[in-house]
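Fold and contact review
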Amino acid sequence: DVLVSAGAVSYLGPFTADFRVEINSTLQQCLVDLNIPHTKGADMQSTLVEPVKQRHWQLCSLPTDSLSTQNAIMMDKSRRWSLLVDPQGQANRYIKAMGKDKDFSIQGIDVTKLSDKNFLRTLENGIRFGKWVVLENIAEELDAALEPILLQQKFKSGGQDMMKIGDNNVPYSDTFRFFMTTKLPNPHYPPEIQVKVTLIN
């Protein structure tokens, strides 16, 4: 069950609901063919979702359909930061609502765009104080300054986790979370970007 869920979190983010169902049924058939013990019909939702947490997500304006729930699980469980293809702005609203909820983000949330001249300062403050940061309206290329954040390049200095942003070494807070959203309906991200983010449709 966990094997199927891990594969779904890792690989199914960019795909549509129908294609995810198709891939999951192929995986289920493989489990049967290879005689691997599993729960019949197990998927990411039945294995990884906690009902109380799911309800809390929905109170933060997450739609109740299974695609949205799967996307929320991917955002919650993946190790890489999420890049959300979000032409209708649903994900944006959801993340902002969660960021204002003290149960999710104690320090609150900041919203910025690559076109803001202070966007690196916003990111520095997020990392230093453990805020959530949403980077909106990104295009098909990402600023090189985001590299250490996307690759989570932390290092120890004086017993504390640090991250180098631009020319500054910034203390790294574990409550920091980073989200990127794009309004492009069908963006093409090259492999070198896709390996650094969790791409979610």
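Up top you'll find the structure we're talking about.
A short tour of the structure in this document, coming up. (Residues numbered from 1 in each chain as written. Predicted model: local features only at pLDDT ≥ 70, side-chain atom pairs only at ≥ 80, totals over all residues. Heavy atoms only, no water.)

**As for the packing of aromatic side chains**
Scanning the model with the defined rule gives five aromatic pairs in all. A ring pair is formed by tryptophan 132 and phenylalanine 179, whose centres lie 5.4 Å apart and whose planes are at 55 degrees; its orientation type is tilted. A residue pair is termed long-range when its members are at least 10 positions apart, and tryptophan 132 in strand β3 (residues 132–136) and phenylalanine 179 in strand β7 (residues 177–182) qualify at 47 residues. Taking relative accessible area as the criterion, tryptophan 132 reaches 2% and is therefore assigned buried. Ring centres of tyrosine 172 and phenylalanine 176 lie 6.0 Å apart, and the angle between their planes is 80 degrees; this geometry places the pair in the edge-to-face category. Just as tyrosine 172 is buried, phenylalanine 176 falls in that class too. An aromatic cluster is built from Trp81, Tyr172, Phe176 and Phe178, whose rings are joined through pairwise contacts. The ring of tryptophan 132 has arginine 177 lying over it, and the distance from NZ or CZ to the ring centre is 5.0 Å. (Phe/Tyr/Trp six-rings, centres within 6.5 Å; stacked < 30°, edge-to-face > 60°. Helix = DSSP H or I, 4+ residues; strand = E, 2+ residues; numbered from the N terminus. Buried < 20%, exposed > 50% of the residue type's maximum accessible area, 1.4 Å probe, protein only. Lys NZ or Arg CZ within 6 Å of the ring centre and 35° of its normal.)

**Quick notes on the nonpolar core**
Judged by nonpolar contacts, the single largest core of 24 residues is most densely connected at Leu83, Ile127, Leu146, Ile149, Phe176, Phe178 and Met180. Counting only elements with at least two residues in this core, the list comes to β1 (82–85), α7 (119–129), β3, α8 (147–150), β5 (160–165) and β7. Broken down by element, this core gets its largest block of residues, three residues, from α7. If near-sequence neighbours (up to four positions away) are discounted, leucine 146 is found in contact with Leu114, Phe119, Leu123, Leu135 and Phe178. Val49, Ala91, Phe179 and Ile200 belong to the second largest nonpolar core, which has 22 residues in total. (Core = buried A, V, L, I, M, F, W, Y, C linked by side-chain atoms within 4.5 Å. Contact = heavy atoms within 4.5 Å.)

**Section: the environment of glutamine 160**
When you line up the elements, glutamine 160 lands in strand β5. Every residue in contact with glutamine 160, bar those within four places of it in the chain, is listed here: Phe155 and Pro171.

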